[in-house]
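Architecture at a glance
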Amino acid sequence: EPAFIAGLMDQIRNKFFMAPDAEITIEANPGTLYKEKLQEYRKHGVNRLSLGLQSPQNRELKILGRIHTWEEFLESFFMAREAGFSNINIDLMSAIPEQTYEDWEKNLRTVAELSPEHISAYSLIVEEGTTFAAMADRGELPLPEEDTERAMYEETIEVLAKYGFHRYEISNYAKAGYECRHNEGYWQRKDYLGLGLGAASLLGKERFSNTSDMQEYLKNSSAPEKIRKNRELLTREDEMAEFMFLGLRMTQGVSKKEFQEYFGTVIENIYGEVLKKYKKQGLLLEESGRIFLSREGIHVSNAVMADFLL
């Protein structure tokens with residue numbers, strides 16, 4: 001509810017310095033928003049909205065088990081515009097069961113014509129323990145063929161480019177100046193602090209997450225050291241590996257100069273053989289001192305990135 005978000009934002013401002021131009025995002029499900037809620041969010045500084053649409057086709061939303069409709073999404077989207085949100089992301093999902101290449105192209109154009117500032121376009125991942133996983137085990141999940149899914153990805157780049165979106169990360173597209181700062185922080189290994197049950201953080205060389213036990217969390221609310229779990233002090237090798245496999249998610253790739261400045265050695269001394277291997281295969285490219293995945297490399301990015309784990 002807006003009162004809780006307002007209280008949270010007020011407390012954050014009381015405890016932390018907040019940059020005047022801070023990007024403050026809230027995620028929302030279509031159909032859960034109303035005019036006063038959106039106005040209250042804006043009043044308390046929320047200036048970016050991320051809407052989990054997934055598909056503009058009600059048939060596909062039903063397959064995904066979503067509770068909203070395309071019509072409810074449109075109502076939420078235009079209410080957000082009226083409330084003053086000038087930075088909106090829309091989540092889209094491809095490779096949905098029964099989805100065709102033509103369906104996906106239509107979905108992209110339908111959403112792009114709304115002219116949001118950012119689109120996150122992800123492919124469906126079938127997770128273990130889900131209804132989809134059980135259906136797949138029984139051979140009852142009609143997913144698109146691998147070649148079709150690959151064509152869908154290529155189509156995403158081409159279609160969204162025509163509407164002014166550029167791909168800055170494997171699954172994220174933005175209009176100029178609207179790249180998500182929160183996402184970029186993860187991929188550029190910037191410090192982040194997670195507040196709340198189970199929230200993850202990276203501070204300096206340490207990764208940790210908060211307890212997921214509500215009573216333990218409340219009991220030690222004034223002693224953050226006691227609620228931090230899974231504490232991991234990153235080694236130099238850990239940081240190098242993260243620098244590579246997180247940085248390569250971005251289309252600009254990784255900077256050889258930044259690697260040398262941070263780790264005190266040239267990138268070839270650590271990853272020379274791996275770089276040579278994938279450049280030869282045409283999966284990695286180098287230009288202006290930056291190393292990045294080629295289009296072919298993006299399709300097998302998980303395999304390429306795994307080779308940078310020391």
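As a further point, take the overall build of the protein. Each helix and strand counted, the protein has 15 helices and 12 strands in total. Against the compact-globule benchmark of 19 Å for 310 residues, the protein has a radius of gyration of 21 Å, which places it among compact chains. Across its three principal axes, the protein shows a C-alpha extent of roughly 55 × 55 × 45 Å. Each of the 310 residues in the protein was classed as buried or not, and the buried ones make up 45%. Within the protein, counting contacts between residues at least 6 apart in sequence, those at least 24 apart form 59% of the total. If you sum the accessible surface of the protein, you get close to 16900 Å²; carbon and sulfur atoms cover 51% of it. The positive charge centre, built from 38 side chains, and the negative charge centre, built from 51, are 5 Å apart in the protein.

Now for the packing of aromatic side chains. All told, the structure shown has 11 aromatic pairs when counted by the stated rule. Geometrically, the ring pair formed by Trp 70 and Phe 73 is stacked, given 5.5 Å between the ring centres and 15° between the ring planes. Of this pair, Trp 70 and Phe 73 both sit in helix 4 (residues 70-82), 3 residues apart, which is roughly one turn of that helix. With a relative accessible area of 0%, Phe 73 lands in the buried category. Between Phe 243 and Phe 259, the ring centres sit 5.5 Å apart and the planes meet at 75°, which makes this aromatic pair edge-to-face.

Residues Glu 145, Glu 146, Asp 147 and Glu 149 make up a contiguous surface patch of negative charge. Residue classification places Glu 149 among the partly exposed residues on the basis of a relative accessible area of 30%.

Within the structure shown, the criterion is met by 23 salt bridges. For the salt bridge of Glu 140 with Arg 138, the shortest nitrogen-to-oxygen distance reads 3.0 Å. Note that Glu 268 and Lys 256 form a salt bridge whose closest N and O atoms lie 2.8 Å from each other. With a gap of 12 residues between them, Glu 268 in helix 13 (residues 267-280) and Lys 256 in helix 12 (residues 256-263) connect regions that are remote in the sequence.

Once that is clear, we can look at the packing of helix 11 (residues 236-247) against helix 12. Relative to each other, helix 11 and helix 12 sit at 165°, their axes nearing to 12 Å. Overall, the two elements helix 11 and helix 12 adopt an arrangement that is roughly antiparallel. Crossing hand, helix 11 versus helix 12: right-handed. For the pair helix 11 and helix 12, contact is made by Arg 236, Glu 239, Met 240, Phe 243 and Met 244 and by Glu 258, Phe 259, Tyr 262 and Phe 263, respectively. Taken together, the residues of the contact of helix 11 with helix 12 sort by class into 6 nonpolar, no polar and 3 charged.

Looking at the largest pocket, its volume works out to about 2200 Å³. Lining of the largest pocket is provided by 50 residues; of these, Ile 12, His 182, Leu 193, Gly 194 and Leu 195 occupy positions nearest its centre. Partitioned by chemical class, the residues of the lining of the largest pocket number 25 nonpolar, 15 polar and 10 charged. Here the second largest pocket defines a volume of roughly 830 Å³. Breaking the lining of the second largest pocket down by element, the ones donating at least two residues are strand 4 (118-123), helix 7 (146-162), helix 14 (295-299) and helix 15 (301-306).

If you look at the biggest cluster of nonpolar residues, it comprises 58 residues, and the most contacted ones within it are Leu 49, Phe 85, Tyr 271 and Phe 308. Setting aside chain neighbours within four positions, we find Leu 49 in contact with Ile 26, Ala 28, Leu 33, Leu 38, Ala 80, Phe 85, Asn 87, Ile 88 and Asn 89. Counting residues in hydrophobic clusters, the runner-up holds 6 residues, among them Leu 64, Met 93, Phe 132 and Leu 141.

A few words now on the packing of helix 1 (residues 2-15) against helix 2 (residues 35-43). One way to put it is that helix 1 packs onto helix 2 with a least axis distance of 9 Å and a crossing angle of 5°. With respect to helix 2, the element helix 1 is oriented roughly parallel. Contact with helix 1, carried on its side by Pro 2, Ile 5 and Ala 6, involves Lys 37, Glu 40 and Tyr 41 of helix 2 and no other residues of that element. Here the contact of helix 1 with helix 2 is built from residues that sort into 4 nonpolar, no polar and 2 charged.

With 100% of its residues at a pLDDT of at least 70, the protein reaches an overall mean of 94. Confidence, read as mean pLDDT per element, is least for helix 6 (residues 131-137) in the protein (85) and greatest for strand 6 (residues 172-174) (98).

An order of 7-8-9 is seen for the 3 strands of this open sheet, with the pairing classed as antiparallel. Of all the strands in the sheet, just strand 7 (200-203) and strand 9 (228-233) have a single pairing partner and so form its edges. Mean inter-strand twist for the sheet, computed between neighbouring axes without regard to direction, equals 20°. Pairing of strand 7 with strand 8 (residues 206-210) involves 4 bridges; the strand directions are antiparallel. Paired with Ser 201 across the strands is Phe 208, a residue of strand 8.

Parameters and conventions
- Residues numbered from 1 in each chain as written.
- Predicted model: local features only at pLDDT ≥ 70, side-chain atom pairs only at ≥ 80, totals over all residues.
- Heavy atoms only, no water.
- Helix = DSSP H or I, 4+ residues; strand = E, 2+ residues; numbered from the N terminus.
- Rg over C-alpha atoms; globule rule 2.2 N^0.38 Å.
- Buried < 20%, exposed > 50% of the residue type's maximum accessible area, 1.4 Å probe, protein only.
- Contact = heavy atoms within 4.5 Å.
- Areas by Shrake-Rupley, 256 points an atom, 1.4 Å probe, with all protein chains shown as cover.
- Lys, Arg positive; Asp, Glu negative; His and termini not counted.
- Charge placed at Lys NZ, Arg CZ, Asp CG, Glu CD.
- Phe/Tyr/Trp six-rings, centres within 6.5 Å; stacked < 30°, edge-to-face > 60°.
- Patch = residues over 30% accessible without salt bridge, like charges linked within 9 Å, V, L, I, M, F, W, Y side chains within 5 Å.
- Salt bridge = Lys/Arg side-chain N within 4 Å of Asp/Glu carboxyl O.
- Axes fitted to C-alpha atoms, helices over the stretch in contact; angles between N-to-C directions.
- Parallel < 35°, antiparallel > 145°, perpendicular 65-115°, else oblique.
- Left-handed = near helix turned anticlockwise from the far one by under 90°.
- Nonpolar A, V, L, I, M, F, W, Y, C, P; charged D, E, K, R; others polar.
- 1 Å grid on protein atoms, 1.4 Å probe; cavity = no way out; pocket = protein on both sides within 12 Å on 5 of 7 lines; lining within 4 Å.
- Points joined across faces, edges and corners; volume = space filled by probe spheres on them.
- Core = buried A, V, L, I, M, F, W, Y, C linked by side-chain atoms within 4.5 Å.
- pLDDT = per-residue confidence, 0-100.
- Pairing = 2+ DSSP bridges.

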